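For reference, the chains in residue letters:
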Amino acid sequence: MFLNTLTPKFYVALTGTSSLISGLILIFEWWYFRKYGTSFIEQVSVSHLRPLLGGVDNNSSNNSNSSNGDSDSNRQSVSECKVWRNPLNLFRGAEYNRYTWVTGREPLTYYDMNLSAQDHQTFFTCDSDHLRPADAIMQKAWRERNPQARISAAHEALEINEIRSRVEVPLIASSTIWEIKLLPKCATAYILLAEEEATTIAEAEKLFKQALKAGDGCYRRSQQLQHHGSQYEAQHRRDTNVLVYIKRRLAMCARRLGRTREAVKMMRDLMKEFPLLSMFNIHENLLEALLELQAYADVQAVLAKYDDISLPKSATICYTAALLKARAVSDKFSPEAASRRGLSTAEMNAVEAIHRAVEFNPHVPKYLLEMKSLILPPEHILKRGDSEAIAYAFFHLAHWKRVEGALNLLHCTWEGTFRMIPYPLEKGHLFYPYPVCTETADRELLPSFHEVSVYPKKELPFFILFTAGLCSFTAMLALLTHQFPELMGVFAKANPESVPMSVKIGSVRGKHHARSPSQLDFCQLLVFIQEQSQVWQLVSCYVQLQSISQPLGSSALKHVTDPS
């Protein structure tokens, strides 16, 4: 009798309130998912309802083994989110600025250029620079944000050095015979002009050769005085960094101008002369140049030295190792033949190397397979991130294309890596877990017109889609019931099984003479119980599937829930 006394406005208010509540739940679920990467309802359901439904936590037996390594993996993850200098970075004046002139787009972000300015201040300055006017000017130049101001400061440093370069000093103490002694020129000023003012690689090479003459003289003098005090030691360390940087950039100029063998020789000599300066990652430049020469035996020798468990990995090392193993089998590899007879030992080694490389950086294959467009690499990269993938593919795509069948083998096998990675991704297979900070750092390093590759790709949880559908459906019902009450009543009478209880009640109120009040209430109660039981059956089935597929991964869940 109570339901029969309700007016149609009550049902409009009921559906409207339901839509409002489901909308608020949708907003909260979306905010929680964007912040934490998971659904709040799903997390609570799996954590609290799975034990009640008989679910077993497969990870409980491994808690004791994994607890000791959690702190180590967390420290490794934090260290891997460190931004590194790109060993193959381009020249600003000759390459980055030319791209800006042609396209009107800025290839470098302010964050990336700010990191470069910090690197220059660290490598090219020391505490005693204020004693030399040219170095004091360059110390301020590295802090300038305006490129033209930096270039003007470099020219000013060279002019001051020219004015003060001819100094009269006595040949012999207490003698009247004098000579003209030339002071060394400012090597860092030439570096800045070569990097930012030179519009071609040939011009940059000329300036770097002038910087080499000045830097080599400063290095030899500071080498003799480095043990005379901490000030001289810091100056020698600065001169060493300047000399190594100049020689490395000269080798890169030779590589750009097609003199690859000369570049390889310069890099080898530099690595022998300064074996401890691994922060410049000169071996990655050497690997790229050797691949250009197709000297695969020499590439393997370099990998044997640097692909060590104690050394930090990079996409260049992992994917170059995969390329060498793929080269041995890729020309004869056929997916159909491999599915019939199985993989041979060499093919298995190549596939495992590809899986290892993809696990380290999962963004690279889409660029190598040209599934995603390339942009100019940034001056800094994040290991295992999209920025590192761009930097690697920009220089090494040609080497993969040169090996017959290598890209075909990569295309057939790279996606199989994700079936080997444990789920959830807080665990790793061959490497430590994939860091969660890569997306944020890559968005700072890469320009805004580039679509950053995200791994793992976050899919919308079921409860967000369910809540969105429920909100939209109830809002539509409220609007239709309010605007067309008679039409909704006719529709409810013609389709009694397809309309929810609230619409049925509102539609049959005017027709209740066909049934007695007790019969109407009983039918409405049965419909309500049937609808609620179906909803809770769907929810319980989803929670059970989540508990079953938790250790299997998202691919297993799709397989289990596939209607076919």
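Residues numbered from 1 in each chain as written. Predicted model: local features only at pLDDT ≥ 70, side-chain atom pairs only at ≥ 80, totals over all residues. Heavy atoms only, no water.

As named in an unreviewed UniProt entry, the chain is Suppressor of tumorigenicity 7 protein, taken from Camelus ferus. According to the UniProt record, the Subcellular location (unreviewed entry) comment for the chain is "Membrane". Taken directly from UniProt, the Sequence similarities (unreviewed entry) text for the chain runs: "Belongs to the ST7 family." (UniProt positions renumbered as here; feature names shortened; annotations may be inferred.)

Draft legend 1. Summary view of the packing of helix α9 (residues 201-225) against helix α10 (residues 230-256). Axis separation between α9 and α10 bottoms out at 8 Å; the angle between their running directions is 155°. Relative to α10, α9 is oriented roughly antiparallel. Crossing of α9 against α10: the hand is left-handed. Among the residues forming the contact of α9 with α10, the class breakdown is 13 nonpolar, six polar and seven charged. (Axes fitted to C-alpha atoms, helices over the stretch in contact; angles between N-to-C directions. Helix = DSSP H or I, 4+ residues; strand = E, 2+ residues; numbered from the N terminus. Parallel < 35°, antiparallel > 145°, perpendicular 65-115°, else oblique. Left-handed = near helix turned anticlockwise from the far one by under 90°. Nonpolar A, V, L, I, M, F, W, Y, C, P; charged D, E, K, R; others polar.)

Draft legend 2. Fine view of the packing of aromatic side chains. Overall, the coordinates contain six aromatic pairs when judged by the stated rule. Considering the side-chain rings of Y219 and F274, the 6.0 Å spacing of their centres and the 75° angle between planes classify their relative orientation as edge-to-face. Here F274 lies in the loop between α11 (260-273) and α12 (282-292) and Y219 lies in helix α9, a separation of 55 residues in the sequence. Each member of the pair, Y219 as well as F274, carries the same accessibility label: buried. When the ring of Y319 is compared with that of Y392, the centres are 5.5 Å apart and the planes differ by 40°; the resulting orientation is tilted. Highlighted residues: Y319 in helix α14 (residues 315-327) and Y392 in helix α18 (residues 386-402), separated in sequence by 73 residues. Here Y319 and Y392 have matching classes, each one buried. Clustering of aromatic rings is evident, with ring pairs tying together F124, W142 and Y245. Sitting over the face of the ring of W84, K82 holds its NZ or CZ atom 4.6 Å from the ring centroid. The residue whose ring lies beneath R249 is F91, and the NZ or CZ to ring-centre distance is 4.0 Å. (Phe/Tyr/Trp six-rings, centres within 6.5 Å; stacked < 30°, edge-to-face > 60°. Buried < 20%, exposed > 50% of the residue type's maximum accessible area, 1.4 Å probe, protein only. Lys NZ or Arg CZ within 6 Å of the ring centre and 35° of its normal.)

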